[in-house]
Amino acid sequence: MMFRLLLLLCHAMVTVGFISICSSVNYDHHHLSLSGDDGQACDEDTIITLPLDISCDVRLVAEDLWGSPESVGSILMSSDHINDSGIILCHPDCQGEMPLPSSIPISQRFSYFEQQAQKGDPRAQHSIGLLLWNGFTSSTEQTSIDPEASARWHAAAALQGNLDALAVFGGCLRTGTGVGKCKNIALGLRCIDYSASVGNPSGVNKKGVMMESNDDYFGAMRLYRECYEDESKRTNALLLFNFGYCLIHGDGVDNDVEEGEKIWKDAVALAPEEGSEEAAWFLYQQYSERGDMEKARHYLDIAADLGLEDAVMERRDNS
């Protein structure tokens with residue numbers, strides 16, 4: 001329970017004070033509902049865009065964090081992510097975290113994502129930003145987090161239209177985490193709000209966490225379930241972890257352990273994405289309590305291999 005509370009507190013840091021979101025615009029990795037230069041719905045053949053004020057302000061902050069426009073330009077994949085008016089384009093194939101190829105072992109994920117991030121891939125930039133924030137630069141244990149480097153990479157990914165990175169970067173801006181003098185509460189809230197308003201799973205998850213932190217478990221469950229029921233949005237392991245937890249513990253809904261554990265397994269299947277290690281750790285605890293040590297060990301190994309500190313120590317102690 002304490003582990004879960006710490007997780008909520010960590011993620012709530014970037015969501016408290018969140019502006020109300022709307023769900024009228026649909027987000028789908030395969031088909032994006034679309035927005036014009038002002039962020040409003042427009043022709044179906046148009047790629048979703050960020051509002052002009054967010055596009056311009058994110059670019060200015062990114063240039064400040066990276067030191068210069070030239071430094072930012074060196075880690076962008078191409079100019080295809082910004083149109084002639086300076087508006088950021090959110091291409092469907094640039095969303096979420098970067099999948100880890102089956103040929104790359106978990107132990108090499110940081111170096112692999114780092115190489116791809118340097119080449120300009122926005123999904124890799126978002127992924128490495130998450131790893132740096134959580135200290136997962138080693139396959140064997142968590143190391144010191146690097147919030148400054150994390151914020152820089154999230155800024156780069158957001159500048160290339162990665163909505164998940166935009167939501168996380170919004171939290172950095174709002175709290176000042178890793179951005180120093182670039183702290184901007186209003187811009188941070190606009191970034192988070194926009195990501196959630198178009199149905200981005202990371203943004204929606206942040207909204208749900210905020211609701212939980214304010215004891216609105218019913219509202220949080222509604223958001224989690226809406227995302228889960230749309231198969232195209234089952235792309236955020238942390239959202240699935242939070243949804244499963246509420247189901248198992250009856251937060252905002254009648255408890256349903258079987259469904260909750262199924263959703264945690266869905267989260268584990270998204271490994272190594274953020275949230276999969278927590279889901280594996282909690283499944284380990286579930287099976288341990290039942291005395292099914294074979295399954296318990298299976299999920300402990302996954303959580304430890306993903307670098308979760310508690311799991312690493314537990315496996316070391318049980319060896």
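Residues numbered from 1 in each chain as written. Predicted model: local features only at pLDDT ≥ 70, side-chain atom pairs only at ≥ 80, totals over all residues. Heavy atoms only, no water.

- The name recorded for the protein in an unreviewed UniProt entry is Sel1-like repeat family protein, from Skeletonema marinoi.
- UniProt, in the comment section headed Sequence similarities (unreviewed entry), describes the protein in these words: "Belongs to the sel-1 family." (UniProt positions renumbered as here; feature names shortened; annotations may be inferred.)

## A word on the overall build of the protein
No. 1: What the protein contains, in helices and strands, is 15 helices and zero strands.
No. 2: Taking all 319 residues of the protein together, the buried fraction comes to 56%.
No. 3: Taking contacts inside the protein between residues at least 6 apart in sequence as the whole, the part at least 24 apart equals 62%.
No. 4: For the protein, the computed accessible surface area is about 13,500 Å², with 50% contributed by carbon and sulfur atoms. (Helix = DSSP H or I, 4+ residues; strand = E, 2+ residues; numbered from the N terminus. Buried < 20%, exposed > 50% of the residue type's maximum accessible area, 1.4 Å probe, protein only. Contact = heavy atoms within 4.5 Å. Areas by Shrake-Rupley, 256 points an atom, 1.4 Å probe, with all protein chains shown as cover.)

## Here we look at the packing of aromatic side chains
No. 1: The final tally for this structure, using the stated rule, is 11 aromatic pairs.
No. 2: Within the aromatic cluster, the residues linked to one another by ring pairs are Phe241, Tyr245, Trp264 and Phe282.
No. 3: The residue whose ring lies beneath Arg234 is Tyr228, and the NZ or CZ to ring-centre distance is 4.0 Å.
No. 4: The residue whose ring lies beneath Arg290 is Tyr287, and the NZ or CZ to ring-centre distance is 5.1 Å. (Phe/Tyr/Trp six-rings, centres within 6.5 Å; stacked < 30°, edge-to-face > 60°. Lys NZ or Arg CZ within 6 Å of the ring centre and 35° of its normal.)

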